[in-house]
Amino acid sequence: MQTETAMSENPYPDDAMKKLVSLCKRRGFVFQSSEIYGGLKSAYDYGPLGAELKRNVINEWWKDMVHTRENVVGIDASIIMAPDVWRASGHAAGFADPLVDCLISKERFRADKAPVPETGSELTISCADKGQAKAYHAQIENDYGIALKRDGKTLHGLKKTGDTEFAFFEDGNDSPAKTFPFRGYVSPLIGSPFLSEERQFNLMFRTALGAIDPSGDAAAIIVELTSADDIIEACKAQFKKEIKQFNKQMDKLEKTGEDDHSPRPPVATALHRIEKGDIPQANIRPYLIQSVIEQINTSAMAYLRPETAQAMFVQFKNVMDSSGLKPPFGIAQTGKSFRNEVTVEHFIFRSCEFEQMEMEFFCEPGSQLEWMDYWKDQRMNWWQRYANYPERFIFRAHEEDELAHYADGCYDVEFLYPWGFDELEGIASRTDHDLHQHEMHSGQKLRYTDQEKEDPESGKKPWSYRPFVIEPAAGATRGVLAYLLDAYHEEERTDAEGKPVQRTVLKLHPKLAPIKCAVLPLIANKEEFPTKAREVIQSFLDAGVPAKYDQKAAIGKRYAKHDEIGTPYCITIDGQTLEDGTVTIRDRDTTEQERVAVDQAVKIVQERLNS
């Protein structure tokens, strides 16, 4: 198993991402979305080469996960699913994270991911440079009336004095000059304890189904409610039906102790919390207005899926019944998912719209850890298979406090990016949690009955059980970035005159390369050369090899261009081709050339692509 100690030094130059992003735009891999309108943050369009590269990554995954296995099948589910799916999975209720703003740097971050310093430790504010440190020093002095000690890029003088308090200490003084309320953590970017209140942030994109926009109804009702003398009583009068439904749900829960998992009406839930005293007096009015908007929009509300996984759980029984499969078997899916990411960063690594490659593997309870080991090995082998530097892929086991309450194990496949190791794929043992949740909320049995096995509890046949699940879930867009970084090379070479030159080359695995072969006529303005080149390229296309004809610029510049976009082989049509029917094949990685017969060129390239 590879671990993070496998590489002690980051192999990338400081400007690695800057150079790669520039190449991606210049050569047509990735563009900023809506660029002519100023661009859209965290949205990217894949150009001609990027679309091919991403498609190749996904196709290789599909081939390995589905086409080479008898017990894995694929589906292509709708991006929009019934809202109850997300209530059952916990996304609708739990996919909202507390957000906090740093009042100094304006960084917005998730409170549950923020660093938590020890009591008594110094709270050093670390800035990007001396200029920023000077600006932040002045801002803190102006806003909070304290003058921190500035030492280059860092600000000193703050210390955590308790769980709910931090203080400013003047240089050389052990007694605090001023104290401040402490939220329990500091900002990840600069380590600042000067933070805003926590606010909820829904990570799912909402949309509305139906031709009629319910916001008009919501606006009319809100005008009526806010003009009333008592907004609470006005809400009770307006939503009598919903309050009655809520009271029935609560009575049943109190009498039986069983939750029917049906959705709670938002306004009735809000009134219930207000009566219990859960909502501060100052927040009651905006809280009720928000609940009214939720209530009116509920009938039309839907979500863009935040993951592809849930469709595979929801369709578990249909797939099993229609295909005749039985555990152990898997359901695979690739496709787009959408999340309102708190922090979008590192180019296409983290964005609001992304593509996933996921598989849910359903197995007999008790066998899940064995299958976990199997899929760990399979997935790591797949990532490393297409890499120049397989040692840059490692496993990281989740600690106990990272695991979801229902999971009994999880490993991340991490890749060494320029900013360090980061997640590329998660391989989780999810037990039967997801099927159990959808059973409870839908009322449908999601089980497999094994007629030949005894139930471990009763000792009698048959055994009806909810399968346990191993989930390898990979990011296709993150995979594209990983393989681009793995492939990017700058090499010192000498030109024909013996002068040193730098060559930029994408050493993409041939199966991933957007263009497999380029056919280049040495001379473009003599008809016989392009004519012969067209004949050669047609033979490649007829054989199913993605090839491109290229006659623009001098032959050396064309070689350089195809090195830079990762084309493994270049076929050159020259004067000798017209004489004896031979061409040269140039290898991208070695730049070596060999002369072969035209009718053998296709066969040779095919063999090398498939080797």
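Further up the page is the structure itself.
Residues numbered from 1 in each chain as written. Predicted model: local features only at pLDDT ≥ 70, side-chain atom pairs only at ≥ 80, totals over all residues. Heavy atoms only, no water.

Engineer: I would appreciate a short explanation of the sheet that holds strand S10 (residues 158-162) in the present structure.
Structural biologist: Where strands meet in a sheet, backbone hydrogen bonds hold them as pairs that are either parallel or antiparallel. Strand order in the open sheet formed by 3 strands is S10-S11-S12, and the pairing between neighbours is antiparallel. Both outer strands of the open sheet, S10 and strand S12 (178-181), are each paired with one neighbouring strand and no more. The average angle at which neighbouring strand axes cross in this sheet is 35°, direction not considered. The pairing of strand S11 (residues 165-168) with S12 spans 4 bridges and is antiparallel. Considered in S12, the bridge of Glu165 is made with Pro181. (Pairing = 2+ DSSP bridges. Helix = DSSP H or I, 4+ residues; strand = E, 2+ residues; numbered from the N terminus. Axes fitted to C-alpha atoms, helices over the stretch in contact; angles between N-to-C directions.)

Engineer: Looking at this model, I keep getting lost on the environment of Gln593. Mind explaining?
Structural biologist: Looking at the secondary structure, you find Gln593 in strand S30 (residues 593-597). A relative accessible area of 44% means that Gln593 is categorised as partly exposed. Setting aside its immediate chain neighbours within four residues, Gln593 contacts Tyr559, Thr584, Ile585 and Arg586. (Buried < 20%, exposed > 50% of the residue type's maximum accessible area, 1.4 Å probe, protein only. Contact = heavy atoms within 4.5 Å.)

Engineer: Would you explain the packing of helix H2 (residues 48-67) against helix H13 (residues 368-385) in this entry?
Structural biologist: Pairs of packed helices are described in terms of their axes, by the angle between the two and the distance that separates them. The contact between H2 and H13 brings their axes to 12 Å, and the two run at 145°. For the element pair H2 and H13, the recorded crossing hand is right-handed. Contact residues: H2 offers Val57, Glu60, Trp61, Asp64 and Met65, while H13 offers Trp375, Arg379, Trp382 and Arg385. The residue makeup of the contact of H2 with H13, split by class, is 5 nonpolar, no polar and 4 charged. (Left-handed = near helix turned anticlockwise from the far one by under 90°. Nonpolar A, V, L, I, M, F, W, Y, C, P; charged D, E, K, R; others polar.)

Engineer: Help me understand the packing of helix H6 (residues 215-226) against helix H7 (residues 231-238), please; the structure alone is not making it clear to me.
Structural biologist: For the pair H6 and H7, the least separation of the axes is 9 Å and the interaxial angle reads 135°. Accordingly, the angle class assigned to the pair H6 and H7 is oblique. Of H7, the residues touching H6 (which contributes Ile221, Glu224, Leu225 and Thr226) are Ile231, Ala234, Cys235 and Gln238. Across the contact of H6 with H7, the residue classes break down as 5 nonpolar, 2 polar and 1 charged. (Parallel < 35°, antiparallel > 145°, perpendicular 65-115°, else oblique.)

Engineer: How should the side chain of Lys507 be read in this particular structure?
Structural biologist: Following the sequence through the fold, Lys507 ends up in the loop between strand S25 (500-506) and strand S26 (517-521). Judged by relative accessible area, which is 16%, Lys507 ranks as buried. Looking at Lys507, its side chain comes within polar contact range of the side chain of Glu491, at 2.7 Å. Setting aside residues no more than four positions away along its own chain, Lys507 makes contact with Asn388, Ala487, His489, Glu491, Arg588 and Asp589. (Polar contact = N/O pair within 3.5 Å; in protein donor to acceptor, adjacent residues only side chain to side chain.)

Engineer: Sorry if this is basic, but what is going on with the sheet that holds strand S15 (residues 301-304) here?
Structural biologist: Spatially, 3 strands are ordered S4-S15-S14 in an open sheet, and the strand pairing comes out antiparallel. Since the sheet does not close on itself, it has two edges, and those belong to strand S4 (80-81) and strand S14 (205-208), each with one partner. Relative to S15, S14 runs antiparallel, the two sharing 4 bridges. If you follow Arg206 over to S15, its bridge partner there is Tyr303.

Engineer: Hey, could you run me through unusual backbone geometry in this one?
Structural biologist: Note that the residue after Pro327, namely Pro328, is joined by a cis bond; omega there is 5°. Position of Pro328 relative to the elements: it lies in the loop between helix H12 (316-323) and strand S16 (329-338). The amide bond that connects Lys461 to the next residue, Pro462, takes the cis arrangement and shows omega of -5°. With respect to the helices and strands, Pro462 occurs in the loop between strand S21 (448-450) and strand S22 (463-465). Here Lys106, not a glycine, exhibits a phi torsion of approximately 70°, which is positive. Tracing the sequence through the fold places Lys106 in the loop between strand S5 (96-101) and strand S6 (108-110). On the basis of relative accessible area, Lys106 is assigned to the exposed category, the value being 58%.

Engineer: I tried to follow the pairing of S11 on my own but got confused; where do I start?
Structural biologist: Within a regular beta strand, the side chains point alternately toward one face of the sheet and then the other, so they alternate between its two faces. Here S10 runs beside S11; their pairing, made up of 4 bridges, is antiparallel. Opposite Gly162, over in S11, you have Glu165 as the bridge partner. Count of turn residues in the S10/S11 antiparallel hairpin: 2 residues.

Engineer: Any chance you could explain the packing of aromatic side chains here in plain terms?
Structural biologist: The geometry of an aromatic ring pair is captured by the separation of the ring centres together with the interplanar angle, meaning the angle of the planes. All chains considered together, the criterion is met by 32 aromatic pairs. Note on Tyr144 and Phe180: the rings are 6.0 Å apart at their centroids and 85° apart in plane angle, and the pair reads as edge-to-face. Placement of Tyr144 in helix H5 (residues 130-144) and of Phe180 in strand S12 is noted, with a sequence separation of 36 residues between them. Exposure remark for Tyr144: the relative accessible area of 18% places this residue in the buried category. Classification of Phe180 by relative accessible area gives buried; the value is 10%. Looking at Lys54, its charged tip hangs above the ring of Tyr46, at a distance of 4.7 Å from the centre. We note Arg534 situated over the ring of Tyr549; from NZ or CZ to the ring centre the distance is 3.6 Å. (Phe/Tyr/Trp six-rings, centres within 6.5 Å; stacked < 30°, edge-to-face > 60°. Lys NZ or Arg CZ within 6 Å of the ring centre and 35° of its normal.)

Engineer: Quick question: what am I supposed to make of H12 here?
Structural biologist: Within H12 the residues assigned to the buried category are Phe316, Val319 and Met320. The buried side chains of H12 occupy one side of the element, clustering within an arc of 95° when seen end-on. The outward face of H12, more than 90 degrees from its buried face, is lined by the exposed residues Asn318 and Ser322. Residues of H12 that are buried in the fold lie against strand S3 (72-74), helix H11 (309-314), S16, strand S17 (353-363), helix H14 (433-442) and S21. One or two steps after H12, the chain reaches Gly324, where phi turns positive at roughly 75°. (Arc of directions from axis to C-beta.)

Engineer: Mind showing me how you'd approach the pattern of salt bridges here?
Structural biologist: Pairing between side chains of opposite charge can happen when the charged atoms of each approach one another. On inspection of all chains with the given rule, the structure shows 36 salt bridges. In this structure, Arg430 and Glu471 form a salt bridge, with 3.7 Å as the shortest nitrogen-oxygen distance. Here Arg430 is found in strand S20 (residues 420-431), whereas its partner Glu471 is found in strand S23 (residues 468-475), with 41 residues between them in sequence. The residues Arg430 and Glu471 share a single accessibility class, namely buried. A salt bridge links Glu535 to Lys532; the nearest nitrogen and oxygen atoms lie 3.5 Å apart. (Salt bridge = Lys/Arg side-chain N within 4 Å of Asp/Glu carboxyl O.)

Engineer: Would you mind going over the nonpolar core with me for this structure?
Structural biologist: Nonpolar side chains in soluble globular proteins tend to end up buried together. Core analysis: the largest hydrophobic core is formed by 59 residues, its most contacted members being Phe29, Met357, Trp383, Phe393, Leu481 and Tyr483. Sorting elements by how many residues they give to this core places helix H15 (residues 476-487) first, with 8 residues. Within the second largest apolar cluster, 26 residues are counted, among which are Ile104, Leu123, Phe166 and Leu195. (Core = buried A, V, L, I, M, F, W, Y, C linked by side-chain atoms within 4.5 Å.)

Engineer: Would you mind going over the state of the cysteines with me for this structure?
Structural biologist: As used in these notes, a disulfide is a covalent bond between sulfur atoms, one from each of two cysteines. The full count for this structure, using the stated rule, is 0 disulfides. As a non-bridged cysteine, Cys363 has Cys410 as the owner of its nearest cysteine sulfur, 15 Å distant. Residue Cys363 is classed as buried on the basis of its relative accessible area of 0%. (Disulfide = S-S within 2.5 Å.)

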